[in-house]
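As a plain string of letters, each chain reads:
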Amino acid sequence: MAKKLFIQTNGCQMNEYDSDKMRDVLQASHGMEITEIPEEADVLLLNTCSIREKAQEKVFSAVGRWRKIKNKRPNIIIGVGGCVASQEGAAIQKRAPYVDIVFGPQTLHRLPELLDEVRETHNRVVDISFPEIEKFDALPEPRAEGPKAFVSIMEGCSKYCTFCVVPYTRGEEISRPLKDVIAEISVLAEQGVREINLLGQNVNAYRGEMDDEETADFSLLLHYVAAVDGIDRIRFTTSHPAEFTDEIIEAFAEIPELVNHLHLPVQSGSNNILTQMKRGYNREQYLEIMNKVKAVRPGISLSSDFIIGFPGETEEEFEDTLSLIEQVGFDFSYSFIYSARPGTPAAELADDISEDVKKQRLSKLKARLDQMTMDVSKSMVGTVQTVLVEGVSKKSPLQMTGRTENNRVVNFTAHPRLAGQFVDVMITEALPNSLRGRLLDSSVDKILNS
Ligand code: SAH
Ligand code: F3S
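Residues numbered from 1 in each chain as written. Chains lettered and ligands numbered in written order. Predicted model: local features only at pLDDT ≥ 70, side-chain atom pairs only at ≥ 80, totals over all residues. Heavy atoms only, no water.

Caption draft 1: Representation of the pairing of strand β10 (residues 195–199) within the structure. Most of β10 sits out of view: five of its five residues are buried. In β10, alternate side chains face the same way, and those of E195, N197 and L199 on one face and I196 and L198 on the other are all buried. Direction of pairing for strand β7 (residues 148–152) relative to β10: parallel, over a ladder of five bridges. Bridge assignment links F150 to a residue of β10, and that residue is N197. (Buried < 20%, exposed > 50% of the residue type's maximum accessible area, 1.4 Å probe, protein only. Helix = DSSP H or I, 4+ residues; strand = E, 2+ residues; numbered from the N terminus. Pairing = 2+ DSSP bridges.)

Caption draft 2: View of the sheet that holds strand β13 (residues 233–237). Strand order across the open sheet formed by three strands is β7-β10-β13, with parallel pairing between neighbours. The open sheet has two edge strands, β7 and β13, and neither has a second partner. The mean angle between the axes of side-by-side strands here comes to 25°, regardless of whether they run parallel or antiparallel. Both β10 and β13 contribute to a ladder of five bridges, which runs parallel. Looking across to β13, one finds that L198 is bridged to F236. The sheet contacts of helix α1 (residues 13–30) involve β7, β10 and β13, and relative to β7 the element is tilted by about 95°. (Axes fitted to C-alpha atoms, helices over the stretch in contact; angles between N-to-C directions. Contact = heavy atoms within 4.5 Å.)

Caption draft 3: Region of the structure containing the site of ligand 2. Near ligand 2 you find C157, K159, Y160, C161, F163, C164, V166, P167, Q201, H240 and R279, and these make up its full shell. Residues that form the shell around ligand 2 fall into these classes: seven nonpolar, two polar and two charged. (Near = heavy atom within 4 Å. Nonpolar A, V, L, I, M, F, W, Y, C, P; charged D, E, K, R; others polar.)

Caption draft 4: Seen up close, α1. Counted at 1.5 Å a residue, the expected span for α1 with its 18 residues is 26 Å, and the 26 Å between its end C-alpha atoms agrees. All of the buried residues along α1 are M14, N15, Y17, D18, S19, K21, M22, R23, D24, V25 and L26. Positive phi appears at G31, one or two residues downstream of α1, with a value of about 60°. (Expected span 1.5 Å × (residues − 1).)

Caption draft 5: Summary view of the sheet that holds strand β6 (residues 125–127). Ordered by their spatial adjacency, six strands build an open sheet running β2-β1-β3-β4-β5-β6, and the pairing between neighbours is parallel. Taken across any chain shown, the strands that pair with only one partner, and hence form the sheet edges, are β2 (33–34) and β6. Pairing of strand β4 (residues 77–81) with strand β5 (residues 101–103) involves two bridges; the strand directions are parallel. Its bridge partner being in β5, V80 is matched across the sheet by V102. Sheet contacts for α1: β1 (4–9), β2, β3 (43–48) and β5; angle to β1, the most-contacted strand, approximately 170°.

Caption draft 6: A look at the side chain of N406. As for its placement among the helices and strands, N406 is situated in the loop between β19 (399–403) and β20 (409–413). Relative accessible area serves as the criterion here: at 11%, N406 is assigned to the buried category. A distance of 3.2 Å separates the side chain of N406 from the side chain of D331, its partner in a polar contact. Within polar-contact distance, the side chain of N406 engages the side chain of T404 at 2.6 Å. The residues touching N406, leaving out its near neighbours within four places in the chain, are H261, S301, D331, V376 and M380. (Polar contact = N/O pair within 3.5 Å; in protein donor to acceptor, adjacent residues only side chain to side chain.)

Caption draft 7: Here's a closer look at the packing of aromatic side chains. Considering all chains together, one arrives at eight aromatic pairs under this definition. For the pair F218 and F236, a centre-to-centre distance of 5.0 Å together with 85° between the ring planes defines the contact as edge-to-face. A residue pair is termed long-range when its members are at least 10 positions apart, and F218 in helix α9 (residues 218–226) and F236 in strand β13 qualify at 18 residues. Here F218 matches F236 in class, with each residue buried. (Phe/Tyr/Trp six-rings, centres within 6.5 Å; stacked < 30°, edge-to-face > 60°.)

Caption draft 8: Layout of the site of ligand 1. Taken together, 14 residues lie near ligand 1, and F163, Q201, Q267, D305 and S339 sit nearest. Side-chain polar atom of Q267 to an oxygen atom of ligand 1: 2.6 Å apart, as the coordinates give it. Separating a nitrogen atom of ligand 1 from a backbone N or O atom of S339 is a distance of 2.8 Å. Summarising the interface, the protein chains cover 88% of the accessible area of ligand 1, which totals 530 Å² for the free molecule. Residues that form the shell around ligand 1 fall into these classes: seven nonpolar, four polar and three charged. (Areas by Shrake-Rupley, 256 points an atom, 1.4 Å probe, with all protein chains shown as cover.)

If you want it as structure tokens, here you go:
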């Protein structure tokens, strides 16, 4: 009988992507099958996140629960991967000796060997090295699950923002060769994928090797991706304002497949805080990028990440963030309270803002962002949106669910056969977390006649 694999994923989309790859390698090497029930798994993997303190704390509570399973079934194997593994290494097994394998984001392709080693020697193993781009060469062919797919184009980050742990856990920026990325996307498109989300910690630092020893930058990559047959929607996560070139802005003018949505993390609206964060741009430069993008794509939905309570942030500096929000006008965004990460330069700074003040600032910021999100949703009512149909709605079997270009979930009555297709939907109602709509007959006729 096939051995069963349980994977718990914490953190970012990159981790989601990596977890899918863990499943794929172990399926290819050991014929393992995914289970949703930890108690029946032979191998349990935890893909961890260390971006903020709360994320990090989850690790030992999760593996602690698995220990009980192992007490009953001592032959099961427990592995911890991802960014906490990368940072802590063997220290994880010091605290939790029942963890058999510790592996990093760049060594997940070695899981089959690590697993065999544990089974043969009954020793605990650790491999958290950064073997360049070897990971991608060792992965099996991608398999599409529905009409959307993630494709990693680069790994790591070399920006070293003073608050951020990513460069230490995922290593320096390294890009996959252009032809590898395009080959993966073509395989997915042949399996019915219509929307690609290009993944990287810092996608606009992409420098992909080409056959003629030239390098493709991110804007050139976008043109290549758009040219793949079947790919009609392109997203990317995440780009950085410091390398948001005019070529990328022009790409929004030239490439209709690029969605009308841009997520560009700003973190703060204060120039002093931006300097202390070592972000490499100032408020004025960020606003200039956003204005240029709006000029080539009127009505584009813009979103961002914000950090509140960076060490020393004054009330006035926080107000600068609020005023930046008013100036840009954001759609659904993420905001976080600053969390000191061990080993980062900002962790050395005196953090004299009280928790109360941080919480107040966060709730003020969130309230304004939520209001803006709701305003965007309301403004969509009465408009016709292109929706990529993902499947039957979880809430009602008669409803189909899909997403608009600005990533809103839309539920509407339609035939399940429309899954995987683009349809036109008139938005009829804005709810807090989704939209309701009515399918336009004309768009169904188009599909049936094509
Ligand atoms: N390059 C990635 C960054 C990943 S971290 C990106 O641009 O999306 C995702 C977000 O987490 C960051 O944009 C930042 O807003 C937040 N973040 C990172 N480190 C943090 C910290 N130490 N405390 C609080 N939030 C943090
Ligand atoms: Fe982190 Fe800054 Fe890179 S937020 S991922 S160091 S761009």
